[in-house]
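Examining the three-dimensional arrangement
Take a look at the letters that make up each chain.
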Amino acid sequence: MANTSQPVRRTALLASGVALLGLLSACGAENGTSGTPQPSVSTPATATAPRTETGRGTATDSAPAVGTAPGDTAGSASASARTDGRCHTSELRATVGRVDPGAGQRNFPVVLTNTADRTCTLYGHPGAAFVDASGKQLGPDPRRVPASPRTVTLTPGESAWAGLSFSSPEISGAPTATPAALLVTPPDEHDPLTVRWTAGEVPVGGGEPPVSVTALEAGTGP
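Just so you know, these numbers come straight off a predicted model, no measurement behind them.

Criteria and cut-off values
Each residue is numbered by its place in its chain's sequence as written, counting from 1. Restriction of local features to residues with pLDDT of at least 70 applies here, the model being predicted, together with a cutoff of 80 or more for giving and counting side-chain atom pairs; totals for whole chains, interfaces and linings are based on all residues. With hydrogens and water set aside, each side-chain value is computed from the structure's full complement of heavy atoms. Two strands pair under a simple rule: DSSP has to find at least two bridges between them. Put simply, DSSP H or I for four residues or longer makes a helix, DSSP E for two residues or longer makes a strand, and each gets a number counted from the N terminus. Buried, partly exposed and exposed residues are distinguished by accessible area as a fraction of the type maximum, computed with a 1.4 Å probe on protein chains only: under 20%, between the cut-offs, and over 50%, respectively. Note on definitions: salt bridges are taken to be side-chain nitrogens of Lys or Arg within 4 Å of carboxyl oxygens of Asp or Glu. Two residues qualify as a contact provided that any one of their heavy atoms is within 4.5 Å of a heavy atom in the partner residue. Residues adjacent in sequence count toward polar contacts only when both atoms are side-chain atoms; beyond that, a polar contact is any pair of N or O atoms within 3.5 Å, and within protein one must be able to donate a hydrogen and the other to accept it. In this scheme Phe, Tyr and Trp rings, the latter by its six-membered ring, pair at centre separations within 6.5 Å, and the angle between planes marks the pair as stacked below 30 degrees, edge-to-face above 60, and tilted otherwise.

The subject of this paragraph is the sheet that holds strand E14 (residues 193-196). Strand order in the open sheet formed by 4 strands is E8-E7-E13-E14, and the pairing between neighbours is antiparallel. The outermost strands of the open sheet, each flanked by one partner alone, are strand E8 (137-138) and E14. Note that strand E7 (residues 127-131) and strand E13 (residues 181-185) share 5 bridges and pair antiparallel. By the bridge assignment for E13, Phe-130 is matched with Leu-182.

Here the focus is the pairing of strand E11 (residues 159-167). Across a regular strand the side chains alternate sides, sitting on one face of the sheet and then on the other. Taken across its 9 residues, E11 has 8 buried, putting it largely inside the fold. Two elements, strand E5 (residues 105-114) and E11, share 9 bridges in a ladder whose sense is antiparallel. When the sheet's bridge partners are listed, Pro-109 is paired in E11 with Gly-163. Strand direction decides the pairing type here: E11 and strand E17 (residues 217-218), joined by 2 bridges, are antiparallel. If you follow Ala-160 over to E17, its bridge partner there is Ala-218. One ladder, built from 3 bridges, connects E11 with strand E16 (residues 211-213); its direction is antiparallel. Residue pairing for E16: Ser-165 is matched across the bridge by Ser-212.

Another aspect to go through is the pattern of salt bridges. Inspection of every chain in the model, using the stated rule, returns 3 salt bridges. As a salt-bridge pair, Glu-91 and Arg-118 come within 2.7 Å of each other at their nearest N and O atoms. Here the residue Glu-91 occupies a position in the loop between helix H2 (77-80) and strand E3 (92-96), and Arg-118 occupies one in the loop between E5 and strand E6 (120-122), the gap between them amounting to 27 residues. Among the residues examined, Arg-118 registers a relative accessible area of 18% and is labelled buried. Notably, a salt bridge pairs Glu-170 with Arg-106, separated by 3.3 Å at the nearest N-O pair. In this pair, Glu-170 sits in helix H3 (residues 169-172) while Arg-106 sits in strand E5, placing the two residues 64 residues apart along the sequence. Among the residues examined, Glu-170 registers a relative accessible area of 59% and is labelled exposed.

Each C-alpha atom, one on Arg-106 and one on Ser-165, is 5.6 Å from the other, the two residues being 59 residues apart in sequence. If we skip the residues at most four places from it in the chain, Arg-106 touches Val-99, Asp-100, Leu-164, Ser-165, Phe-166, Ser-168, Pro-169, Glu-170, Ala-199 and Glu-201. Looking at Arg-106, its side chain comes within polar contact range of the side chain of Glu-170, at 3.3 Å.

Turning our attention to the packing of aromatic side chains. Applying the stated criterion to the full structure yields 3 aromatic pairs. Aromatic pair Phe-108 and Phe-166: ring centres 5.9 Å apart, planes at 25°, arrangement stacked. Remark: Phe-166 occurs in strand E11 and Phe-108 occurs in strand E5; sequence separation between them is 58 residues. Pair check on accessibility: Phe-108 and Phe-166 agree, each one buried. Put simply, the rings of Phe-108, Phe-130, Phe-166 and Trp-197 pair up and form one aromatic cluster.

Structure representation (structure tokens):
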């Protein structure tokens with residue numbers, strides 16, 4: 001048998017390679033892939049897709065949610081007892097307690113009671129003004145006694161009180177009047193509550209305001 005020359009063998013091998021490449025390209029096209037090489041992208045194993053749990057923020061399958069509050073959800077006992085804001089005039093009842101005399105002073109507890117069906121707060125000094133039967137104010141507004149007020153939280157039926165004080169008119173010699181009522185305005189409110197005044201004359205003049213009022217605190221009096 002005659003020996004095949006080196007150039008002939010190279011030509012045959014080249015032809016076979018071209019045919020094989022064409023066959024592979026055809027197979028790739030049938031499988032929906034391009035013959036052009038594409039870069040590979042690896043996804044880290046920890047990159048799991050987030051899932052959302054209603055009412056508890058965002059969490060992943062591999063770790064708990066950050067900042068999730070345990071337990072205190074709407075409708076729980078602790079959530080239902082939270083404060084809903086300041087007490088409004090329409091949610092309060094005002095009364096004046098018995099006089100507490102001492103050292104020439106007359107001191108009265110002015111009491112605000114929560115009549116609403118929700119918890120609310122009071123903070124600071126109440127407004128107060130004596131008025132006659134026609135509603136005209138008698139004397140200046142009471143002087144606010146300097147204090148560091150605290151927020152008083154009132155559940156339904158609970159009370160807070162402030163001290164209303166003035167010198168006994170027969171001792172101070174200040175001009176007096178007999179009020180028909182005391183108007184009490186809760187802190188940060190505009191509408192007053194009317195309390196009938198039955199404790200006699202009060203001072204309505206003098207140098208500085210003759211009547212003083214303290215900041216509210218929990219309870220119904222000293």
